[in-house]
Amino acid sequence: MMTSLKTALAIGTAAATLHCAAFAQQGPTIRVSISDEAAGDPIEPEVYGHFAEHLGRGIYGGIWVGEDSEIPNTNGYRNDVLAALEDLEVPVLRWPGGCFADEYNWRDGIGPREERPVRINTHWGWVTDDNAFGTHEFLNFAERIGADAYVAGNMGSGSPREMSRWVEYMTSDEDTTLTRERAENGREEPWDVPYFGVGNESWGCGGHMTPEYSAELHNRYATFVDTPPGMDMTRVATGANVDDYNFTEVLMRDVKPWLMDAVSLHYYTFPGSWENKGAATGFDEAAWASTLKNSLRMDDLITEHVARMDEYDPEGRVALYVDEWGTWYDSEEGSTPGFLYQQNSIRDALVAGLTLNIFHQHTDRVKMANIAQMVNVLQASILTDGPDMILTPTYHSLMMYKPFKGATPLEVEFDSPSVEIGETSMSHVDVSAARQEDGTIVLSMVNLSPDEPARIRTGLRGSVATGQLLTADEIDAHNTFEAPETVVPTDFTGEETRSGLRFELPPRSLAVVTVDAE
Ligand code: AHR
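Summary of the structure given here. None of the values given here were measured: they were computed from a predicted structure.

### A short note on the pattern of salt bridges
Considering all chains together, one arrives at 23 salt bridges under this definition. Aspartate 108 is the salt-bridge partner of arginine 119, the closest N and O atoms lying 2.8 Å from each other. A residue pair is termed long-range when its members are at least 10 positions apart, and arginine 119 in strand S7 (residues 119-121) and aspartate 108 in the loop between strand S6 (92-95) and S7 qualify at eleven residues. Judged by relative accessible area, which is 42%, arginine 119 ranks as partly exposed. For aspartate 243, the salt bridge goes to arginine 297, with nearest N and O atoms at 3.0 Å. Here aspartate 243 is found in the loop between strand S11 (234-241) and helix H6 (245-254), whereas its partner arginine 297 is found in helix H7 (residues 285-312), with 54 residues between them in sequence. Residue classification places arginine 297 among the partly exposed positions, given a relative accessible area of 33%. Through salt bridges with shared partners, one network takes in Glu67, Arg113, Arg116 and Glu137.

### Description of the packing of aromatic side chains
For the structure shown, the criterion picks out 21 aromatic pairs. Between tyrosine 268 and tryptophan 328, the ring centres sit 4.8 Å apart and the planes meet at 80°, which makes this aromatic pair edge-to-face. One end of the pair, tyrosine 268, is in strand S12 (residues 262-269); the other, tryptophan 328, is in the loop between strand S13 (319-327) and helix H8 (346-360), with 60 residues separating them in the sequence. Tryptophan 328 gets classed as buried once you look at its relative accessible area, which sits at 11%. Taken together, the ring pairs in this structure connect Trp64, Tyr77, Trp95, Phe100, Tyr104, Trp106, Phe133, Phe138, Phe141, Trp166, Tyr169 and Phe196 into an aromatic cluster. Between arginine 57 and the ring centre of tyrosine 341, over which it is positioned, the NZ or CZ distance is 5.0 Å. The residue whose ring lies beneath arginine 94 is phenylalanine 51, and the NZ or CZ to ring-centre distance is 4.7 Å.

### Examining the state of the cysteines
With the rule as written, the count across this model stands at one disulfide. Two residues share a disulfide in this structure: cysteine 99 and cysteine 205, whose sulfurs sit 2.2 Å from each other. Classification of the bridge connecting cysteine 99 and cysteine 205 rests on its S-S torsion, roughly -85°, and on that basis the disulfide is left-handed. Of this pair, cysteine 99 sits in the loop between S6 and S7 while cysteine 205 sits in the loop between strand S10 (195-198) and helix H5 (211-223), and the two are 106 residues apart along the sequence.

### Comments concerning the sheet that holds strand S9 (residues 148-153)
The parallel closed barrel is built from eight strands, whose spatial order is S3-S6-S9-S10-S11-S12-S13-S14. This sheet shows a mean twist of 30° between the axes of neighbouring strands, independent of strand direction. Here H5 sits on the sheet in contact with S10 and S11, set at roughly 165° to S11.

Calculation rules
Residues numbered from 1 in each chain as written. Predicted model: local features only at pLDDT ≥ 70, side-chain atom pairs only at ≥ 80, totals over all residues. Heavy atoms only, no water. Salt bridge = Lys/Arg side-chain N within 4 Å of Asp/Glu carboxyl O. Helix = DSSP H or I, 4+ residues; strand = E, 2+ residues; numbered from the N terminus. Buried < 20%, exposed > 50% of the residue type's maximum accessible area, 1.4 Å probe, protein only. Phe/Tyr/Trp six-rings, centres within 6.5 Å; stacked < 30°, edge-to-face > 60°. Lys NZ or Arg CZ within 6 Å of the ring centre and 35° of its normal. Disulfide = S-S within 2.5 Å. Pairing = 2+ DSSP bridges. Axes fitted to C-alpha atoms, helices over the stretch in contact; angles between N-to-C directions. Contact = heavy atoms within 4.5 Å.

See below:
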């Protein structure tokens, strides 16, 4: 059974309505009680993972510019992006897709670059890919930024043999024809590839399969995903879309237990409908509210998928990897169709905070999550424009949340009034807490209201060691290449009172503090 980390009671009564005059200045006061008890397994750093696909300018232009580029680079990787990712300490990076994974043949991306074939990226804009960024470029990049490699194999249009040979090429330390080829291509030593995805979205772009067929194919393909003795490789089954609980159930029932260590889940947040998702900027309060509210759906989705997993795996052996999550809006006007390029505002930073808080509540099963995507695509941490680069509010939120990596989540209880906007009712605040190994408590606080502050009262005694706040004057405030520091974190601290530490949260804000608790 999962332990529920917190109880957020949204009080929908008129008396608690935030537009009440008494709250106009300082907003409601919310008492938060943080227990000493662990509320689950430690938060795996991999929950802070990323995803980078051959999609739009995610790889080409975003990460890779090539050695001959005028954009400053190291071995073809742009220096500004490298530095930003090294600072972020990305724990794990998933590649090459997404949908792209199921049309990718790894042999296209090895050997002399000028001899590599040019292929059409049929999913994303029908543009050509010269395969300049392949296995060596990805695995060296992951090594360079200190991220574990999570490679997604092709179950949709490739063969089990192709998959098996790719694994051998990457990981074998035997003297074989493939490892000799690897050495000729510049890499003597095998790479460490701790995670391997057997396909992607087999229910959709990965082959439009039924869950039964997908489970059968997983068994077949995963049988041939073998690493050298002593090298662990987590085999991830392509799992459900959003609330397709049956998909998870069938995989758990039909896949041989020794062939699946984790199952994936994909969920994207958007304010509108799949056809008309809504704009990344220039939106109104209703879109603000529906976006945040929709991001909170992740909690129910995980709970329900985990319930299906519990039926077949009560010991919790198989992990749930939310290996694609984030916001997905209508693409920016003027951007190439199919490139999924979108701006990123303070709203996205709050979506990130809320989603990470949810992952902290499900640590017994959620052992990895990958925000989609890393650069220039969907909820990107980094945007580039030719030689220029900016960090988005999402990047800053992930930086602020770093102290949670490896910490043990703590039980949190609070009663929050609700924010009512149009048809949306949601909790005014969200709080997550965890204890680091040295005993320090890390606390994240999100104020979901677009226009009302909130006061958080805790019973915590001690000093706030460090703290940062991310907020902005407008609900769609974002960084641009002309004004890259419109949304950046500022120092933040609490006030010591007789009853414990108190925090004043401005509207539309996210704060993370670490407390040396007494
Ligand atoms: O991240 C964009 C796409 O979303 C991925 O390629 C696919 O897996 C999902 O549908």
